[in-house]
Amino acid sequence: MNPRRLARLQEQIKQRLAEVLLRDLADPKLGMVTITRIELDSEFTQCKAYWSVIGGELEKKRSSGVLRRARGLCQRAIASAIHTRSVPHLEFVYDTGIEE
């Protein structure tokens, strides 16, 4: 896949996920979650959304559970936002780069 197109799709997915988490997800257990980066594989079948949260271990654990349960909602939102033949499988991964 063209690297410019891949970067553009990653940015679109990042923006759409941020909108969904901010506006559409009404779960009080979700902390101040930030989508730090998106990684798409070259076949466009896997999408890793790296996230971080403000707070301690308890906020991280709660937010992780909320994101795991909201994966389907987020994947449907990505499907409606980007116009591609297939929708990648979404996986939320905690970004440890900020802690380090």
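Residues numbered from 1 in each chain as written. Predicted model: local features only at pLDDT ≥ 70, side-chain atom pairs only at ≥ 80, totals over all residues. Heavy atoms only, no water.

**A short note on the layout of surface pockets**
A water-sized probe, rolled over the atoms, reveals where empty space remains. Its boundaries defined by the atoms lining it, the largest pocket holds a volume of some 200 Å³. Every residue along the wall of the largest pocket is listed here: Ala 18, Leu 21, Leu 22, Leu 25, Asp 27, Leu 30, Gly 31, Met 32, Val 33, Thr 34 and Ile 35. For the lining of the largest pocket, the elements supplying multiple residues, two or more each, are α1 (3–24) and β1 (33–40). (1 Å grid on protein atoms, 1.4 Å probe; cavity = no way out; pocket = protein on both sides within 12 Å on 5 of 7 lines; lining within 4 Å. Points joined across faces, edges and corners; volume = space filled by probe spheres on them. Helix = DSSP H or I, 4+ residues; strand = E, 2+ residues; numbered from the N terminus.)

**Observations concerning the sheet that holds strand β3 (residues 89–94)**
Strand order across the open sheet formed by 3 strands is β1-β2-β3, with mixed pairing between neighbours. Edge positions in the sheet fall to β1 and β3, since each has one partner strand and no second. Taken over all neighbouring pairs, the strand axes of this sheet differ in orientation by 25° on average, direction set aside. In terms of strand pairing, strand β2 (residues 46–53) meets β3 through 6 bridges, oriented parallel. (Pairing = 2+ DSSP bridges. Axes fitted to C-alpha atoms, helices over the stretch in contact; angles between N-to-C directions.)

**Side note on the environment of Arg 71**
On the secondary structure map, Arg 71 appears in helix α3 (residues 71–81). Each C-alpha atom, one on Arg 71 and one on Glu 91, is 7.4 Å from the other, the two residues being 20 residues apart in sequence. Aside from chain neighbours lying at most four places away, what touches Arg 71 is His 89, Leu 90 and Phe 92. (Contact = heavy atoms within 4.5 Å.)

**So, the packing of aromatic side chains**
What the rule picks out here adds up to 1 aromatic pair. Ring geometry for Trp 51 versus Tyr 94: centroids 4.9 Å apart, planes at 75°, classification edge-to-face. One end of the pair, Trp 51, is in strand β2; the other, Tyr 94, is in strand β3, with 43 residues separating them in the sequence. No difference in accessibility class separates Trp 51 from Tyr 94, as the two residues are buried. Cation over ring: Arg 37 sits above Tyr 50, and NZ or CZ is 3.9 Å from the ring centre. (Phe/Tyr/Trp six-rings, centres within 6.5 Å; stacked < 30°, edge-to-face > 60°. Buried < 20%, exposed > 50% of the residue type's maximum accessible area, 1.4 Å probe, protein only. Lys NZ or Arg CZ within 6 Å of the ring centre and 35° of its normal.)

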